[in-house]
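Observations on chain architecture
What follows is the residue order along each chain.
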Amino acid sequence: MSDPAVEVKLEVKQASKEVKESENVAEKYSAMTVSKNSEMNMGDLSSAFSAVPTHKPVKKQIQFVEDKQEFSRFPTKAGRRSLSRSISQSSTDSYSSAASYTDSSDDETSPRDKTQVNSKGSSDFCVKNIKQAEFGRREIEIAEQDMTALISLRKRAQSEKPLAGAKIVGCTHITAQTAVLIETLVALGAQCRWTACNIYSTQNEVAAALSETGVAVFAWKGESEDDFWWCIDRCVNNEGWQPNMILDDGGDLTHWMYKKYPNVFKKIRGIVEESVTGVHRLYQLSKAGKLCVPAMNVNDSVTKQKFDNLYCCRESILDGLKRTTDVMFGGKQVVICGYGEVGKGCCAALKALGSVVSITEIDPICALQACMDGFRVVKLNEVIRQVDVIITCTGNKNVVTRDQLDRMKNGSIVCNMGHSNTEIDVASLRTPELTWERVRSQVDHVIWPDGKRVILLAEGRLLNLSCSTVPTFVLSITATTQALALIELYNAPEGRYKQDVYLLPKKMDEYVASLHLTTFDAHLTELSDDQAKYLGLNKNGPFKPNYYRY
């Protein structure tokens, strides 16, 4: 009869041997997968786990090359720039020998002080670095893949050149998506000069790519206020070039031309405006009898308001907040000022993350919608001491005042999703008793004397395009709408549009929507003749009257 104690010892010894063999197998597998120059196939993988090594593999130590540089010391200013350039270059060498996004020896030099020439020998542009054009071209090509409807419009109308003779000055965000629009306008026969509507939203590499193709672009990320107006002036004031169409976002270009170049403004054939702020300015001019050209209100077109304003903001608000703050929003007390389409999108996104969302509103209809959607409607002063995040999206001014900012708790976040930087009273924060601390790009800590910090994003400017990106597909809808509005105004017979502000025809809205349905493999139901007669509709649309609210 065997001794139980001996059997236990033998089992333990055998188990120990199996563990060591497993460790050896794991080490062999690890060496095979980590080795830079080795190739592994399924046969290698099988043999690695089936074979039992007869000896313990030798572990190789990683050898570090000695570096005489003392990393404990802070590098000089020149050294920091050199280190930054070397890191930037090493991260892009595997892609291209062209200059990287940040690889520039004179990044601190204003583009206004530099002379740059594109490959065609033209210097009629002002961007951060023309050498970034190759990177910008890649960004544009990526955007084109998700803007198939706009590309389809370009291909359909390219042979007809409906914008032949059009000289368009544009003031919009200069992004890869806008570049696809600009190049579509050029393909349809237009000449274009472009500037930025926001000092933080320009993608420098995209501006360079457009300039390389011959489009006169005057914009770069991080412009000063003086740079902003200088760029607009350079875009408009070009000897021997008389613009006849305006594509604006915010009304700054229209305002500048109206005030400073009235004779040029009178020769404009049409204005296309896409923002709440810009449309408001146009209606003010029209009401005062000072609008001497027809204008198209794209902002209130269905394809802009119901898609760009709602769905775009629903996704991009989170992108901007996460990139800048790294904050977890579950359980946070969030106040969103304004429950229009932008506000609705922001609310839906933050509610989905578990935030406790409240709304401020002046309009009883929007307020009732917020209540029915499950949100509290409050006055900002009632909750200002408890709130963690404030997001403005009203298009108004001084929505968040200095007094309210003074009463916010430490660590609160304040940002804006409206077009203009007037919603948060940022100017009142630039006083001697408050300290501004830049903690990362577009993120400032405003510090009170008692040590309280309020986190201000993008200095109160449009968060999503200043601090992140926006969904390309939704911008395709807006860009297609803008292109059709320009074509309509430019080709309209005399007398169709008077000196007033117009909405996009319903038929055109429906056409833009139909172009984008193919992306989803969507199939529309067709009315029968009897059904069309019963509803009093044309079988091909429009399917809703102008007064219909979607």
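Above this text is the structure in question.
Here the structure is a predicted model, which means the values were calculated and not measured.

Along the chain, the position of Asn299 falls in the loop between strand S6 (295-297) and helix H12 (302-325). At 3.4 Å, the side chain of Asn299 forms a polar contact with the side chain of Asp300. Discounting residues that sit within four places of it in the chain, Asn299 has contacts with Glu273, Glu274, Ser275, Val276, Val279, Lys304, Gln305 and Asn309.

A pair of packed helices can be characterised by two numbers: the angle between their axes and the separation between those axes. Axis separation between helix H4 (residues 133-145) and helix H7 (residues 204-213) bottoms out at 7 Å; the angle between their running directions is 100 degrees. Between H4 and H7, the interaxial angle falls into the category roughly perpendicular. Where H4 abuts H7, its residues Ala133, Phe135, Gly136, Arg137, Glu139 and Ile140 lie against Glu205, Val206, Ala208, Ala209, Glu212 and Thr213. Considered class by class, the residues forming the contact of H4 with H7 number six nonpolar, two polar and four charged.

So, on to the sheet that holds S6. Taken in spatial order, the seven strands line up as S3-S2-S1-S4-S5-S6-S15 in an open sheet, and their pairing is parallel. In this open sheet, the two strands that pair with only one neighbour each are strand S3 (216-218) and strand S15 (501-503). The sheet shows a mean angle of 20 degrees between the axes of neighbouring strands, direction not considered. Note: S6 against S15, three bridges, orientation parallel. Note that in S15 the partner of Met296 across the bridge is Tyr502. Across the face of the sheet, helix H8 (residues 225-236) comes into contact with strand S1 (167-172), strand S2 (191-196) and S3 while running at roughly 170 degrees to S2. In this fold helix H11 (residues 276-287) packs onto strand S5 (270-273), S6 and S15, with an angle of close to 140 degrees to the strand it touches most, S5.

Turning our eyes to something else, we now look at the nonpolar core. With 54 residues, the main nonpolar core has Leu163, Ile168, Ile174, Leu185, Trp194 and Val217 as its most contacted residues. Among the secondary structure elements, those contributing two or more residues to this core are H4, helix H5 (148-157), helix H6 (176-187), S2, H7, strand S4 (245-248), helix H18 (472-491) and helix H19 (506-517). It is H18 that provides the largest number of residues to this core, a total of 10 residues. Excluding anything up to four places from it in sequence, Leu163 contacts Ile168, Leu185, Leu188, Gly189, Ala190, Leu486, Ile487 and Tyr490.

Each value, and the rule that gives it
Residues numbered from 1 in each chain as written. Predicted model: local features only at pLDDT ≥ 70, side-chain atom pairs only at ≥ 80, totals over all residues. Heavy atoms only, no water. Helix = DSSP H or I, 4+ residues; strand = E, 2+ residues; numbered from the N terminus. Polar contact = N/O pair within 3.5 Å; in protein donor to acceptor, adjacent residues only side chain to side chain. Contact = heavy atoms within 4.5 Å. Axes fitted to C-alpha atoms, helices over the stretch in contact; angles between N-to-C directions. Parallel < 35°, antiparallel > 145°, perpendicular 65-115°, else oblique. Nonpolar A, V, L, I, M, F, W, Y, C, P; charged D, E, K, R; others polar. Pairing = 2+ DSSP bridges. Core = buried A, V, L, I, M, F, W, Y, C linked by side-chain atoms within 4.5 Å. Buried < 20%, exposed > 50% of the residue type's maximum accessible area, 1.4 Å probe, protein only.

Functional significance is not addressed by these values, which are geometric in nature.
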